[in-house]
Amino acid sequence: LVYRIPRQQCSQRKRNFEEYSNRMASGPDSACAEEAHTPTSPTAAQRPISLPTSKSYRDEEHKMSSLTKRGTRRLFSLSSDRDRSDSYSSGSYSGSDLSDDEQSPRDKKQENSKAFSDFCIQDIGLASYGRKVISRAEQAMTGLMTLRRDLAAERKLGGAKIVCCSHVTAQAAVLIETLHAAGAQVRWCSCNIHSTQNDVAAAVAEAGIPVYAWKGQSELDFWWCIGKCVCTDNWQANLILDDGGDATHVMHTRYSGTFKLIRGVVEESVTGVHRLYQMSQAGKLCVPAMNVHDSVTKTKFDNYYYCRESILDSIKRTTGIMFGGKQVLVCGYGEVCLSADCDEVMPSLYCN
């Protein structure tokens, strides 16, 4: 924020300073002689110089300080409002949470352009933008896209019926569509009520893949969506792709007979893995389960490299502050905070 002096006042000060400089350059003796030989009307050089006094400087400094403080508060307010209103995840517009007066997606009759209606999302109209977001994610996931081309050629996952309970994001959508392209039937629901990208869910629904998720779900909506993916007419899941163990928990507790027919469970989170170990120790895990969380690739990228970037990025996006010169205290527990060594990243941003 720059404090601007009025142009007229600035010009007058410049002229006064030039006149003062000329008089001092000619020497004090010549100035006195000029005053002695000109008793008539005072010239410009004889007029008193209106240089700014210390009091005027203090007044201007006070004005500038107050304007700067007000401007800074305003700028921070605008930044905070923008960050709160924009839900940024991989460049995606996720829409706002449901208000009390807004109709729940469960009460809406929804279908895509091909009259497909086996989904429940916030707004199918966001599908075109969601497709652009997924396309950008595909460009950064070259390994998975190569695998998609190899699997899709022979439809190697034909006969697989997968219940997927994960974050509904653009990156996860690339995986879901890869499974679909390889011949698998997938039903997708969210494992987190806050992370869902509504536009991505709309794009997947427009592609004809059953998806039950929207941002800002209630707890009842959360379990309802999982139930719609786990149990539906004329469809029997044989694989579970889980993040947090919620889909596994629902099938084991509510549909125990169906759970015994599952060919395998894939779990990628710390919480879900602990649940599986508890079930195994209690003798209740009657299906094969794969612990993806402890794999080298998942541990290194998700718990180490990703956390180093995402923690700093999320703090900067939500607060809008600069890290340089700040004193930072890192508190946490478990592998995510400690093994990621987040404190090692802080000096790169010139903070202590």
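Before reading further, recall that the structure is shown in the block above.
Residues numbered from 1 in each chain as written. Predicted model: local features only at pLDDT ≥ 70, side-chain atom pairs only at ≥ 80, totals over all residues. Heavy atoms only, no water.

Asker: I'd like to hear about the packing of helix α8 (residues 219–230) against helix α9 (residues 246–254), residue by residue, with values.
Answerer: Relative orientation of the contacting elements α8 and α9 amounts to 70 degrees, with a least axis distance of 10 Å. With respect to α9, the axis of α8 lies roughly perpendicular. Listed contacts from α9 to Phe-222, Trp-223, Ile-226 and Val-230 of α8 are Asp-246, Ala-247, His-249, Val-250, Met-251 and Arg-254. Residues of the contact of α8 with α9, tallied by class, amount to seven nonpolar, one polar and two charged. (Axes fitted to C-alpha atoms, helices over the stretch in contact; angles between N-to-C directions. Helix = DSSP H or I, 4+ residues; strand = E, 2+ residues; numbered from the N terminus. Parallel < 35°, antiparallel > 145°, perpendicular 65-115°, else oblique. Contact = heavy atoms within 4.5 Å. Nonpolar A, V, L, I, M, F, W, Y, C, P; charged D, E, K, R; others polar.)

Asker: Before we move on, could you go through the pairing of strand β4 (residues 239–242) and cite the residues and values that matter?
Answerer: Across four bridges, strand β1 (residues 161–166) lies against β4 in parallel orientation. Counterpart to Cys-165 in the pairing with β4 is Asp-242. Two elements, β4 and strand β5 (residues 264–267), share four bridges in a ladder whose sense is parallel. When the bridges of β5 are listed, Leu-241 appears paired with Val-266. (Pairing = 2+ DSSP bridges.)

Asker: Tell me about the nonpolar core, and please be specific about residues and values.
Answerer: One finds Trp-188, Val-204 and Val-211 to be the most contacted residues of the largest nonpolar core, which totals 32 residues. Looking at this core, the elements with two or more residues in it are α4 (127–140), α5 (142–154), β1, α6 (170–181), β2 (185–190) and α7 (198–206). Apart from residues lying up to four places away in sequence, Val-211 is in contact with Asp-118, Phe-119, Cys-120, Ile-121, Trp-188, Ala-201, Val-204 and Ala-205. With 23 residues, the next largest nonpolar core counts Cys-165, Tyr-212, Val-230 and Phe-259 among its residues. (Core = buried A, V, L, I, M, F, W, Y, C linked by side-chain atoms within 4.5 Å. Buried < 20%, exposed > 50% of the residue type's maximum accessible area, 1.4 Å probe, protein only.)

Asker: I'd like to hear about α4, residue by residue, with values.
Answerer: Its 14 residues give α4 an end-to-end C-alpha distance of 20 Å, which sits within 8% of 20 Å, the value for a rise of 1.5 Å per residue. Those residues of α4 that fall on the buried side of the exposure criterion are Ala-127, Gly-130, Val-133, Ile-134, Ala-137 and Glu-138. Down the axis of α4, the smallest arc covering the buried residues is 145 degrees, so these residues share one side. Facing away from the buried surface of α4 by more than 90 degrees, the exposed residues are Ser-128, Lys-132 and Gln-139. On its buried side, α4 packs onto α5, α6 and α7. (Expected span 1.5 Å × (residues − 1). Arc of directions from axis to C-beta.)

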